[in-house]
Structure formats: C-alpha cells, structure tokens
Amino acid sequence: QINLNLKETNLELEQRRNYMEIILKNVAAGVISLDSEGKITIINKSVGKILGLEVESVLNKNYRDILPPEYLQKVEDLLQEVDRNSSLTFEKEIELPLPSGTIDLHTHITPLKDENGKYLGLVIVIEDVTELQKAQRIAAWREVARRIAHEIKNPLTPIQLSAQRLRRRYKDKFSKDGQIFNECTNTIITQVEILKNMVNEFYNFARMPATKPLPNDLNQIINETLPLYREAHKNITFHFEHPEKMPALLLDKNQIKRALINILDNAVSAIKDNGKVTIKTFYDEKLNLSGVEIADNGCGILPEEKARLFEPYFSTKKSGMGLGLTIVNSIISDHHGYIRVKDNYPKGTIFRIELPVRSS
Ligand SMILES: Nc1ncnc2c1ncn2[C@@H]1O[C@H](COP(=O)(O)OP(=O)(O)OP(=O)(O)O)[C@@H](O)[C@H]1O
Ligand SMILES: [Mg+2]
C-alpha cells in the first residue's frame, strides 16, 4: 500500500514538474532562480532571447563564475538592494548594455524561504521594456513639442500684424530715418515668418497626419523613390534587390516614402566619396513578415549613439534637426512595424524595417 501511494505521489510530482516546465517555456518574461549560494537552478528560454545567451550552458553554474566583470558588478549591486529577510518582491528598472545595443529591463526579484523562514535563494523575473520605453519617450516629446509650438505660435501673428500696421502708417512720415524704419520693420516681419515656419514644423511632428494604410507594393514605392537619389548623387551607387514574390502590404504610401527618404538622406550624408547603398526587400512567409533593409558603407554609428538615434533632437550634424529618425520611427510604429539598426561590414550602417503581413 505504501509503495503504491509513493508511486502515485511521484507520478503527481512528475506531472506538476512537467506542467511547470511548460509554463516556464511559454512565458515571454525571463525567469531565473538562484539557490542560496548563487547557483542558477532554473533559467527559461525567454532569458536567452532577452539577453542573447545560450541558457543550457549556464544552467547549474554559479552566476558569479559566468558573468563577465562589467555585468557582475551591476548584478551584485542590484541583488544588494534586495532585502533577503523580507518575502516581498523587489522591483527595479535597469539599463543593460549588450553587444547588440542597450536594453531596458524591468526586474522583479523575490526571496524564497522555507517554512522556517530560512533563506533558500531568489527568483528573478525580467521583462524587456525597451520598445515600451522608447514609445513613451517619443510620446512625451510629442507632447512637449505640441505645447511649445502652441505657446510660441499664439503671439506671432499679433507681432507680425503690428509691424505691418506701423509700416503702412508711418513709412512715408519719416524723412531722415525712413531707411532705418523700413529695414527694421522688414526684419521683424520676415523673421517672424521664419519663426512661424519653424513652429509649424514642430507642430507637424507633434501631430503627424493619421496613417491611411492601403494595400501597396513596397517594391514599387522604393522604385518610385530611388531615381531622385540616383540622379542627385552620381558618386553613390544605389543597388536594389527584391525577392520574386512579395505580398501586398498595408501601407500609407506617402508616409512610407517619407520614411525611406529620411533613411536615404542619412545614408547619403554618412558617405564621404564613392559609396554604395544597398536596398533589399524581404519576405518571411513563416513569420508573416516583410520589409526592407537599407545598408550603406558610410561612417557608421558609435555604440553609445545607437540608443539615442530615434530620440527627438539627437543629431551629430551641424545643420541637423535630429528629427529624421524620430519621424521614421513613429511612421513605422503606426504601421505596427519595427525598425532597428545594425552595423554593416566592413563599415557602415544597416537600417532594417520589419512590417507585418496582414490580410486586408
Ligand atoms: N546611415 C547613417 N550612418 C551614420 N550615422 C547615421 C546614419 N543615420 C543616422 N545617423 C546618425 O543619427 C543621427 C540622427 O539622425 P536623424 O535623421 O534623426 O537626424 P539628422 O539627420 O541629424 O537630422 P535631420 O532632422 O535633418 O534628419 C544623425 O545625426 C547621425 O549621427
Ligand atoms: Mg536625417
């Protein structure tokens, strides 16, 4: 009888373990558990995906033995903050510089204890919130731009109208100083006009027109955009490759053109003399993804700049507004797509735009 009970209990335990494993395998969050010594006892696939590592190779090892020194310090600092006597979950956002770019992680850390309150280790849950934070930062900047634009715009028209009125009224009344009066009022009127245009640009960024996606051929949009560049930049070869079969995508043609133009403009200005820009469209039937990669062999982008590329007003150019890629990013997210940046080899930059293939 005892034997039978034992067997049943074992079977039940085994089933529960399998059940747990299935859950761990399928959650998008990364789950790691450490025993009291710091040995990794559980690590699920999502951790590998988020951090870009082979989870099998680190299982059952002490985290202190496997982490490179620059990460180890960060992790030790983080774990220091967790109160091991409490059973509350500790939460913190951290920035983690990975070879593929800095990511923002939301971490939840819970100390584990047995029924006597003895410390058994930690469970760490990590989520990649990079995209979310990027979107929030852009939303915040849009709001700032919208408000500034609004506040600046209001007094401009009365200033301009007053200057015009003064001109009409007094232009002929000055004999000696007529020239000065003329020049000054003229300056006010034209400079206010320039300010107005600038503010309007802010405003357009803050409220981009709503996307109107329709079934469109991405290759055709590229074919319509390229001739301009081929004509204007004879020192650069523009090479366009596309697969034979590409599905129609739901695209707002004008906005996608605007995005392409911004990326191509950047590519062109990254190239000093003779350069090459390769535009490649792709279609992944299994992942239901399509899109385009634009590669240049220009000066490339420093790793520390990569994280800020899509932020408003980030520019390394003398005359750059730093809005180009911000606009591209918001156009692509309006299309439910992703844009990422990679290094080109041996030099230069690749921008990859991924768009979902949706039946219309
Ligand atoms: N293909 C590229 N090669 C090298 N650096 C690039 C490339 N694309 C973008 N960058 C870098 O990213 C920065 C931001 O680009 P973004 O298009 O947002 O602004 P910008 O080109 O400086 O100004 P503008 O608002 O006129 O587009 C650039 O200043 C440049 O440093
Ligand atoms: Mg630009």
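Since the model is a prediction, treat every value here as computed from it, not as a measurement.

Draft legend 1. Structural view of the site of ligand 1. Near ligand 1 you find 20 residues, and of these N266, D296, S315, T316 and K317 are the closest. For ligand 1, a nitrogen atom lies 2.8 Å from a polar atom in the side chain of D296. Take G324: an N or O atom from its main chain is 3.2 Å from an oxygen atom of ligand 1. Here ligand 1 loses 89% of its free accessible area of 600 Å² to cover by the protein chains. Of all elements in the fold, only α8 (253-270), α10 (324-334) and β12 (349-356) reach the threshold of two or more residues within the shell around ligand 1.

Draft legend 2. Fine view of the domain arrangement of the protein. We note that the domain assignment places domain 1 (2-128), domain 2 (133-206) and domain 3 (214-356) within the protein. The centre of domain 2, based on its C-alpha atoms, is set 34 Å off from the matching centre of domain 3. Taken together, the contact pairs nine residues of domain 2 with 11 residues of domain 3. The junction of domain 2 with domain 3 conceals about 910 Å² of combined surface from both sides, 67% of it contributed by carbon and sulfur atoms. Taken together, the connections running from domain 2 to domain 3 amount to zero salt bridges. Applying the counting rule to domain 2 against domain 3 returns zero residue pairs in polar contact (both at pLDDT 80 or more).

Draft legend 3. The packing of aromatic side chains, seen in detail. Taken as a whole and assessed by the stated rule, the structure comprises one aromatic pair. Aromatic pair Y229 and F238: ring centres 6.1 Å apart, planes at 55°, arrangement tilted. The pair Y229 / F238 is uniform in exposure class, with both members buried. Here the basic side chain of R352 rests over the ring of F282, its NZ or CZ set 4.0 Å away from the ring centre.

Draft legend 4. Molecular detail of the layout of surface pockets. Quantified by volume, the largest pocket comes out at close to 1400 Å³. If you trace the largest pocket, you find 37 residues lining it, with S100, I103, D128, T130 and R340 closest to the centre. Contributions of two or more residues to the lining of the largest pocket are made by α2 (45-51), β3 (90-98), β4 (101-113), β5 (119-128), α5 (130-170), α9 (303-306), β11 (338-343) and β12. Counting residues per element, the lining of the largest pocket draws most heavily on β11, which supplies six residues.

Draft legend 5. Focus on the sheet that holds β11. Read across the sheet, five strands follow the order β7-β9-β10-β12-β11 without closing on themselves; strand pairing throughout is mixed. Only two strands of the sheet have a single partner each, and these edge strands are β7 (236-241) and β11. Sheet twist, expressed as the average angle between the axes of neighbouring strands with direction ignored, equals 15°. Taken together, the six bridges between β7 and strand β9 (residues 275-284) define a ladder with parallel strand orientation. When the bridges of β9 are listed, H239 appears paired with T278. Strands in contact with helix α7 (residues 218-232) are β7, β9 and β10 (289-296); relative to β7, the strand with the most contacts, it is inclined by about 170°. Strands β7, β9, β10, β11 and β12 of the sheet are contacted by α8, whose axis makes an angle of about 25° with β10.

Draft legend 6. Examining a positive patch on the surface more closely. Judged by side-chain charge, R165, R168, R169 and K173 come together as a positively charged surface patch. Structurally, K173 is set in the loop between α5 and α6 (178-206). Under the relative-accessibility criterion, K173 is labelled exposed at 61%.

Draft legend 7. Local environment of the nonpolar core. Counting residues in each nonpolar core, the largest one holds 39 residues, and the members touching the most others are F238, V277, I279 and F351. Among the elements that line this core, the one with the most residues is α8, at seven residues. When neighbours within four sequence positions are excluded, I279 is seen to be in contact with I222, L226, F238, H239, F240, E241, L264, V292, E293 and I294. Membership of the second largest hydrophobic core comes to 24 residues, among which are I32, I40, V47 and I126.

Calculation rules
- Residues numbered from 1 in each chain as written.
- Chains lettered and ligands numbered in written order.
- Predicted model: local features only at pLDDT ≥ 70, side-chain atom pairs only at ≥ 80, totals over all residues.
- Heavy atoms only, no water.
- Near = heavy atom within 4 Å.
- Polar contact = N/O pair within 3.5 Å; in protein donor to acceptor, adjacent residues only side chain to side chain.
- Areas by Shrake-Rupley, 256 points an atom, 1.4 Å probe, with all protein chains shown as cover.
- Helix = DSSP H or I, 4+ residues; strand = E, 2+ residues; numbered from the N terminus.
- Domains from an automatic or database assignment.
- Contact = heavy atoms within 4.5 Å.
- Buried area = accessible area lost by both parts, 1.4 Å probe.
- Salt bridge = Lys/Arg side-chain N within 4 Å of Asp/Glu carboxyl O.
- Phe/Tyr/Trp six-rings, centres within 6.5 Å; stacked < 30°, edge-to-face > 60°.
- Buried < 20%, exposed > 50% of the residue type's maximum accessible area, 1.4 Å probe, protein only.
- Lys NZ or Arg CZ within 6 Å of the ring centre and 35° of its normal.
- 1 Å grid on protein atoms, 1.4 Å probe; cavity = no way out; pocket = protein on both sides within 12 Å on 5 of 7 lines; lining within 4 Å.
- Points joined across faces, edges and corners; volume = space filled by probe spheres on them.
- Pairing = 2+ DSSP bridges.
- Axes fitted to C-alpha atoms, helices over the stretch in contact; angles between N-to-C directions.
- Patch = residues over 30% accessible without salt bridge, like charges linked within 9 Å, V, L, I, M, F, W, Y side chains within 5 Å.
- Lys, Arg positive; Asp, Glu negative; His and termini not counted.
- Charge placed at Lys NZ, Arg CZ, Asp CG, Glu CD.
- Core = buried A, V, L, I, M, F, W, Y, C linked by side-chain atoms within 4.5 Å.

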